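Observations on chain architecture
In case you want the letters, here they are:
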Amino acid sequence: MGFEIQMPCIDFTKHPEDLVEGSEGWKNLCKLVREGGEVYGGFQVVYDKIPVELHEKMFQGSKSLFDLPLETKQKSSDDSKSHNGYAGKFKFAPLYESLTLPNPHNLEEVQAFTDTMWPKGNQSFCETVNNTSKMMTELEQIIRKMIFQSYGADTNCDSLVKDSWNIFRFTQYKAPTGKEMEVGLPAHVDKNLLTILYQNEEGLQIETKEGEWLPAVVKDCTFTVFVGEAFKTWSNGKLHAVEHQVMMKGPQKDRYSYGLFSIPNESPKERDEDDLPLLFCRLDHHDYDLFTYTNNTSALCCNCGKMCMPSLCYH
């Protein structure tokens, strides 16, 4: 891998006035965010509005969470809800475990999750997760708004931001016992709009369009952002939904990360910036998500050859 190639890193803190919407600094950041999304499908963002101390509390809470007995962690799952609960002990990813909480900005939801994990209470965990998720949601909405505006979608930007919901995911990767590199999480593409990720150890990699794998370097107050397939659809293929993976090298410490995933209620209405033919069909995002997981496919339509579900094809 070429050592001079790096994942783009955009500083949101160097000049705070750049986050004033409509300023010249804001317009420049919009350009950098769009370029990162189109060329790499992801980038890193320096954002210090979430204190380092809060991140440290999050990692302490994550460790306590995954140290709980397996039967306790599995109690968080609810078959009536999507994108929630425990996942892990997979043959294809034996080092991986995750716990997912929907609507993390809702204190009642976080409290219910906390009470399930710790029936005797863990108020510090509950408040830390709720506060962190709110701040990460603010960052995600800033980035999403920058992407919308960079494509000229100013008029319906606010409605596009609101027409979605979030999940919050805690992840643990156990340290390999041997010295060989092992897969923490196989290469995959997120299906949502944007993923905002914070990590405490290296191991996360993204694949460039040229097939090179780039490391996401771990730095304080620096988040890794991924474009998902829902945003690729909205941009008519201009934004790149990036393949990423986690590779663990032993022996080392267990790796923890937590991320905010923004999920649309349906694929956002395609922008009309140009007259290029649409590459994707508009569909209910939950149905698309369920279809791809159930059929283990990228959901290429047999009717039109585009990324959609055949039953919803309008081509």
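See above for the structure.
As the structure is a prediction and not an experimental result, all values here were calculated from the model. (Residues numbered from 1 in each chain as written. Predicted model: local features only at pLDDT ≥ 70, side-chain atom pairs only at ≥ 80, totals over all residues. Heavy atoms only, no water.)

1. Quick notes on the environment of Ala153
Within the secondary structure, Ala153 is located in the loop between helix H5 (123–150) and helix H6 (157–162). Among residues more than four places away in sequence, those in contact with Ala153 are Phe148 and Trp234. (Helix = DSSP H or I, 4+ residues; strand = E, 2+ residues; numbered from the N terminus. Contact = heavy atoms within 4.5 Å.)

2. So, H5
If you check H5, its first and last C-alpha atoms are 41 Å apart, about what 28 residues at 1.5 Å a residue would give, namely 40 Å. For H5, the tally of buried residues reaches 20 of 28 residues, placing the bulk of the element in the interior. Among the residues trailing H5, Gly152 stands out with phi positive, at a value near 80°. (Expected span 1.5 Å × (residues − 1). Buried < 20%, exposed > 50% of the residue type's maximum accessible area, 1.4 Å probe, protein only.)

3. Details of the packing of aromatic side chains
Applying the stated rule across the entire model yields 18 aromatic pairs. Geometrically, the ring pair formed by Phe113 and Phe125 is stacked, given 6.4 Å between the ring centres and 25° between the ring planes. Of this pair, Phe113 sits in helix H4 (residues 107–117) while Phe125 is found in helix H5, placing the two residues twelve residues apart along the sequence. Phe125 shares its class with Phe113; the two are buried. Among the aromatic residues, those joined into a cluster by ring pairs are Phe59, Phe113, Trp118, Phe125, Phe168, Phe170, Tyr198, Phe223 and Tyr258. Over the ring of Phe261 we find Arg169, and its NZ or CZ is 4.8 Å from the ring centre. (Phe/Tyr/Trp six-rings, centres within 6.5 Å; stacked < 30°, edge-to-face > 60°. Lys NZ or Arg CZ within 6 Å of the ring centre and 35° of its normal.)

4. Description of the nonpolar core
Among the nonpolar cores identified, the biggest contains 52 residues, and Phe12 and Ile143 are the most heavily contacted of them. Take this core: its biggest share by element is ten residues, from H5. Among the nonpolar cores identified, the runner-up in size contains 16 residues, and Met7, Ala93, Leu185 and Leu197 belong to it. (Core = buried A, V, L, I, M, F, W, Y, C linked by side-chain atoms within 4.5 Å.)

5. Things to note about the pattern of salt bridges
Overall, the coordinates contain nine salt bridges when judged by the stated rule. A salt bridge links Lys27 to Glu24; the shortest N-O distance between them is 3.6 Å. Of the two residues, Lys27 and Glu24 are both situated in helix H1 (residues 24–39); the distance of three residues between them amounts to about one turn of the helix. Look at Lys27 and you get partly exposed, because its relative accessible area is 47%. The exposure class assigned to Glu24 is exposed, which follows from its relative accessible area of 60%. Linking Arg34 and Glu38 is a salt bridge whose minimum nitrogen-to-oxygen distance equals 2.9 Å. Placement of the pair is Arg34 and Glu38 together in helix H1, with a separation of four residues, close to one helical turn. (Salt bridge = Lys/Arg side-chain N within 4 Å of Asp/Glu carboxyl O.)

6. Points about the pairing of strand S4 (residues 96–102)
Of all seven residues in S4, seven are buried, a share of seventy percent or more. Residues Tyr96, Ser98, Thr100 and Pro102 point to one face of S4 and Glu97, Leu99 and Leu101 to the other, with burial holding for every one of them. Of the strand pairs in this sheet, S4 and strand S5 (residues 164–173) are connected by seven bridges, and their pairing is antiparallel. Paired with Ser98 across the two strands is Thr171, which belongs to S5. (Pairing = 2+ DSSP bridges.)

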